[in-house]
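Results of the structural survey
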Amino acid sequence: MTPPTGRRCAGLATVALGLLAFAGSVLAIGQSTCVAFKSAPSTFPIVNNRQASPILLSSDEWPGVQRAATDFASDIQQVTGVKPTLRNVTSTTSATLGTNAIIVGTLGKSALIDEIVNRTKLDVSSIQGKWEAFMAKEVANPLPGVKSAYVIVGSDKRGTIFALYDHSEQFGVSPWYWWADVPTTKHNDVFVQSSGCSHGSPTVQYRAIFLNDEQPALQNWAMEKFTNGTGAALTGSPFNHFFYTKLFELILRLKGNHLWPAQWSSAFGVDDVQNQALADWYGIVMGTSHEEPMMRSIPVEWNLFGTGAWDYSSNAQNIYPFWVEGAKRAEPFENMWTVGMRGNGDLPLESSGDNIALLEKVVADQRQILMGVYNTTDVTNIPQVWTLYKEVEGYYDEGLQVPEDITLMWTDDNWGNVRRNPLPSERNRTGGAGVYYHVDYVGDPRDYKWITSSQIEKTFEQMSLAVARDAVKIWVLNVGDMKPYEMHTEWFLTLAYDASLWTPSNYQSFVTQWAQREFDLSAKDADTVANLIHNVTRHNMRRKPELLNATTYSLINYREADNVVAELQSMVAVSTQLYNKLPTDAQAAFFQLVHHPILATNTLTSMWVASGQNILRASQARLSANDLANQVETLFTQDAALEKDYHSLLDGKWDHMMDQTHVMYYYWQQPMTNTMPMITKVQPSKQALAGAMRIVPEGSMGAWPGDNQFNCALGYGCGNPALTIDPFVPAGNRFVDVGAGGPTPFTFTVTSNASWVKISPSKGSISPSSPEQRVFLSVDWTKVSGVETATITFTATPQGQPQLVVPATLTANHTVVPSSFKGFVEGDGGVSIEAAHASRNTTVNGITWTELPGHGRTLSAVTPWPRGGNELNFTAGSGPSIEYDFFLFNTNSQGGNVTVTALVSPSLNTLGDDRPLGLGFQIDDGAPATNYFVPASVPGQVPTPWNGNDGWVANSIISVPVVLPVQPGAHTLKVWMIEPTVILQKIIIDTGGVRPSYLGPPESIFV
């Protein structure tokens, strides 16, 4: 059978251009639609007028196809209420079956299909000999007595299975009907176009998910739902065949074909003797994770059955027969064999000797075992994969020799950034290459395995690079508990099944199509759901929920924390509105897939922000600190209530699936319980020493009147609070918070000695029940020339106390841009530009900076496109450039220089450290400055800046600064491509006033 090449032929690619549109109300993703719900001249009836065409198979068909056909019949019944008959027949019995029939079978396996091909001369050349391809079409007089049949033919067993599930999805059955309780879309009648549907070989040959880190959520849930409470005899594992058969079906419905089973407290081949046999029966290719060679679960099986140390250098005499037993146990079934070795428990090898030589010996012995078990002298026809994970990649880079036919599985850094791809010289290996990728992880710098926190936009970018560089033999996605990563799991497998359909210009449509299919939404509401999903995953990607703390987002600069919380609260309101208008039978699915992630993200983030504001306001002697403390407590309770809500869905169907702890990590490993963020309180009965009123200007951690370490360098005897503003401050105004400094109520007024100051509100009342009022200050710029200063006077009249007066200074700098200028303008001390908002773009050798919509922390990103091929790189000034026009007023604070900082995604040197990622920067006609920003690393490790709670992956960004000379006025910044896989998100030009924040300054004003 011919394996896939990873690229569709020109004819199929042409057809694919229309695949992303819906045919009527057919809600299916990434496939050619051939289903209709009204009769037409060129359609075949699946169900019409309450009559269903019978489904016919041959008794010699693959068992997995027979089983999928029962699903197919059941799916038709779920959609229409009519169940078709399902029969094994021969040509001699077909005469009694009626006029129409659906005939299903595998080419070369089904005698029925082979007879139809011979009898009707049906052209099957498009799928013959292909891997997992299928075709379907109406055929006249296929068998005696059958006038017309819709014939579904697979090139192999999974080709046939995929054909059936492909049609089921188009009929209205979501792959997630059981695993996420998506209701079936109902239709009275179902037809298929006579020309039918078809699909060639998938892009990626082996498409897998990996259940990992399955405690506490998945394991606790499975124990309750699939066992009598005791689990497997030797391991206590709940992952028996009742569990796995549910998963096998889901994988096949998603067009996957491969599984790495749960490992940490279970053993797939030991826990239930039916596991392996049923996997093969369903049509699933089994494997084991990167650290579990020869189909044996490590550490569980070694701890149960092994003797001595898991060290091949000293204990080969016991490990070798241990592997032989695993090979014998798995040999009857279809497998992708993991070879190689790591230390026990997914750790580096324990050997102190030459690990490269040791691993070469390990693999040679493992291949000898396979030859013996399979009774062959040619091991190259047995699928084998060696995952180059962490230190193993280092051994490979240092000279480890891998047999040509073994697939090299490259890995990400556990955070969605692929460490290395095949070099051009490695792309013609007969074993090919693949990628092991994560949306869930346990390890440094922090576990992330609570809710969805990966972007499909980033996965597209990374995995499309794998396609461009021919890493298409096997893709494995570490899905942790799988829930709540349902949509991302499907995206990964959809991309692997047919990557040719997806481009930077359309990949976001996947979520819209997914929303329409799952919830039967209008196009408008589906777009709304897509925006919600994009925003919540962007939020959780830019800082994993487990890494949040009280000061992640700036509490004082750019209104950052306030804006983040406001965005999340807006998402909650929109999601709630959608949830409430959905039919009752769709609400459970919507809650799991959309609503809960948004509610949970908002609750956790708001809790951390409130904790930070609580501590800050207490240091400012503000009574509102107590309200914030109460808010943190309320949100902490709400977090637990959301978990309970999830567990109560559908009479507890998903009980335990949100058991994962996620609040207050103390180091990388999950906390043993959720712990509320720190809070404090001020004494509500005691007035601040400086009086009843507290004044806090925007951008300050200090407070007036009185002493505060942040009011000035000395911390006492400080001057009045001061603010500055210019016409190009993105927010358009400044604010001052007026707050209660204790229990005494007061009224206040705000006045100015300058007519150009606009104040809103200019008066108010403060009390313990209403302890804060934000006062906004803006400027009538028609009345300001150059730099002018105004005094803003805050006057409090407390009950029973003298008036309290606090003056503040507002300096307005009326900067003016020439009317002929078009571009971004300096404001608030710098220029901030989203990378997609370029003034112009250039193409060199067919490569252009191209937008990746939605990718990154704020808006989107740009990257040189296409990739792969000759892997061109350039010196700064010679390759493709992307340009940004900007206007500066001030460069004096840095001596005639500015600091230009590019914020780029944390990509790695995927072509090796001799091809480090870099960018070139040039202002106007000045000399380009180059920054190669990803340093070389120790083989098998990541660069030093990657690490830590504020390293590259924790912050999900790399800051790339250069200092360039420039004078005030209009300029153009050119960013030059050097290496092909740089992902540019944002540009910040600091003229001396850029302040610390997590996301950087908001985008500057464009004129």
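Residues numbered from 1 in each chain as written. Predicted model: local features only at pLDDT ≥ 70, side-chain atom pairs only at ≥ 80, totals over all residues. Heavy atoms only, no water.

Some thoughts on the overall build of the protein chain
Defined as follows: Counting from the N terminus, the helices are DSSP H or I runs at least four residues long and the strands are E runs at least two residues long. Two things to know: the radius of gyration comes from C-alpha atoms, and the globule rule equals 2.2 Å times the number of residues to the power 0.38. Residues count as neighbours in contact if any of their non-hydrogen atoms are within 4.5 Å of one another. Residue exposure ignores everything except the shown protein chains as possible cover, and the areas themselves are Shrake-Rupley values with a 1.4 Å probe. Lys and Arg are tallied as positive, Asp and Glu as negative. Neither His nor the chain termini are counted. Positions of charges follow a simple convention, taking NZ of Lys, CZ of Arg, CG of Asp or CD of Glu.
Regarding its fold elements, the protein chain presents 20 helices and 40 strands. Its C-alpha radius of gyration of 32 Å places the protein chain within 12% of the 30 Å reference for a compact globule of 1007 residues. For the protein chain, the spread of C-alpha atoms along the principal axes amounts to about 105 × 70 × 60 Å. Long-range pairs, those at least 24 residues apart, make up 75% of the contacts in the protein chain with a sequence separation of at least 6. Approximately 35100 Å² of the protein chain is accessible, and the part contributed by carbon and sulfur atoms is 52%. Charge centroids of the protein chain, computed over 66 positive and 92 negative side chains, lie 5 Å from each other.

A closer look at the sheet that holds strand β13 (residues 285–286)
For clarity, the cut-off: In short, DSSP must find at least two bridges between two strands for them to pair. Only C-alpha atoms enter the line fits that serve as axes; for helices the fit covers just the stretch in contact. Angles between N-to-C directions range over 0 to 180 degrees.
The parallel open sheet is built from eight strands, whose spatial order is β13-β12-β11-β18-β17-β16-β15-β14. Bordering the open sheet on either side are β13 and β14 (337–338), each of which pairs with just one other strand. Note: strand β17 (residues 433–438) against strand β18 (residues 474–480), five bridges, orientation parallel. In the strand pairing of β18, Gly434 is matched with Ile474. Packing against the sheet, helix α13 (residues 456–468) makes contact with β17 and β18, and its axis sits at approximately 165 degrees to β17.

Side note on the state of the cysteines
A covalent bond bridging the sulfur atoms of two cysteines is what the word disulfide describes. Quick reminder of the rule: Any pair of cysteine sulfurs within 2.5 Å is marked as a disulfide. For the exposure calls, accessible area comes from a 1.4 Å probe over protein chains only, and a residue counts as buried if that area is under 20% of its type's maximum, exposed if over 50%, partly exposed in between.
For the coordinates displayed, the defined rule picks out two disulfides. Paired by a disulfide, Cys34 and Cys197 hold their sulfur atoms 2.0 Å apart. Since a negative S-S torsion denotes a left-handed disulfide, the Cys34-Cys197 link at about -115 degrees is left-handed. Taken as a pair, Cys34 in the loop between α1 (10–16) and β1 (35–36) and Cys197 in the loop between β9 (190–193) and β10 (198–199) lie far apart in primary sequence, 163 residues in all. Across the pair, Cys197 and Cys34 agree in class, each one buried. Each sulfur in the disulfide pair Cys712 and Cys718 lies 1.9 Å from the other. Disulfide Cys712-Cys718: torsion about the S-S bond near -65 degrees, hence left-handed. On the basis of relative accessibility, which here comes to 26%, the residue Cys712 falls in the partly exposed class.

A closer look at the packing of helix α6 (residues 241–253) against helix α8 (residues 274–282)
Stated precisely, the cut-off is as follows: Here the word oblique covers every angle except those under 35 degrees (roughly parallel), over 145 (roughly antiparallel) and from 65 to 115 (roughly perpendicular). Note on convention: near helix rotated counterclockwise from far helix by under a right angle means a left-handed crossing. Clockwise means right-handed.
The contact between α6 and α8 brings their axes to 10 Å, and the two run at 25 degrees. The pairing of α6 with α8 is recorded here as roughly parallel in orientation. Note that α6 runs across α8; the crossing there is right-handed. Listed contacts from α8 to His241, Tyr244, Thr245, Phe248, Glu249 and Leu252 of α6 are Gln274, Asn275, Leu278, Ala279 and Tyr282.

Brief notes about the pairing of strand β6 (residues 100–106)
Burial analysis of β6 places six of its seven residues in the buried class, which makes it a mostly covered element. Across two bridges, the pairing between strand β4 (residues 55–57) and β6 is parallel. Paired with Leu56 across the bridge in β6 is Ile103.

Here we look at the nonpolar core
Heads up, the rule is: Residues enter a nonpolar core if they are buried and are Ala, Val, Leu, Ile, Met, Phe, Trp, Tyr or Cys, with the set joined through side-chain atoms within 4.5 Å.
Ranked by internal contacts, the top residues of the largest apolar core, which has 185 residues, are Phe243, Leu247 and Trp514. The biggest single contributor to this core is helix α18 (residues 584–619), with 15 residues. Those residues within four positions of Leu247 in sequence are excluded, and the remaining contacts are Trp179, Ile209, Leu211, Leu259 and Met482. Counting 58 residues, the second largest nonpolar core, distinct from the first, contains Phe210, Met409, Leu547 and Val934.

Some words on the environment of Tyr884
Filter applied, for reference: N or O atoms closer than or at 3.5 Å make up a polar contact, with two conditions inside protein: a donor-capable atom paired with an acceptor-capable one, and, for residues adjacent in sequence, both atoms drawn from side chains.
Inspection of the secondary structure assignment puts Tyr884 in strand β34 (residues 881–888). Along the chain, Tyr884 and Ala835 lie 49 residues apart, while their C-alpha atoms are 8.7 Å from each other. A distance of 2.6 Å separates the side chain of Tyr884 from the backbone oxygen of Ala835, its partner in a polar contact.

Some details on the side chain of Glu486
You can see Glu486 is positioned in helix α14 (residues 486–497). Residue classification places Glu486 among the buried positions, given a relative accessible area of 2%. Polar side-chain contacts of Glu486 include one of 2.6 Å to the side chain of Lys483. Beyond its immediate chain neighbours, meaning those up to four positions away, Glu486 contacts Trp176, Trp179, Leu593 and Tyr646.

Quick word on helix α11 (residues 355–374)
Rules: Here the expected span of a helix is defined as 1.5 Å times the quantity of residues minus one.
Taking 1.5 Å as the rise per residue, α11 with 20 residues should run 28 Å; its terminal C-alpha atoms sit 28 Å apart, in good agreement. Here α11 has its buried residues at Asn355, Ile356, Leu358, Leu359, Val362, Val363, Asp365, Gln366, Arg367, Ile369, Leu370 and Met371. The backbone nitrogen of Ile356 lies 3.1 Å from a side-chain oxygen of the residue at the head of α11, namely Asp354.

Some remarks on the sheet that holds strand β25 (residues 772–779)
Strands sit in the order β19-β21-β25-β23 across an open sheet of four strands; the sheet is antiparallel. In this open sheet, the two strands that pair with only one neighbour each are β19 (693–697) and β23 (757–760). For this sheet the average axis-to-axis angle between neighbouring strands, irrespective of direction, equals 25 degrees. When strand β21 (residues 734–740) meets β25, the two strands line up antiparallel, connected through six bridges. Residue pairing for β25: Asp737 is matched across the bridge by Arg774.

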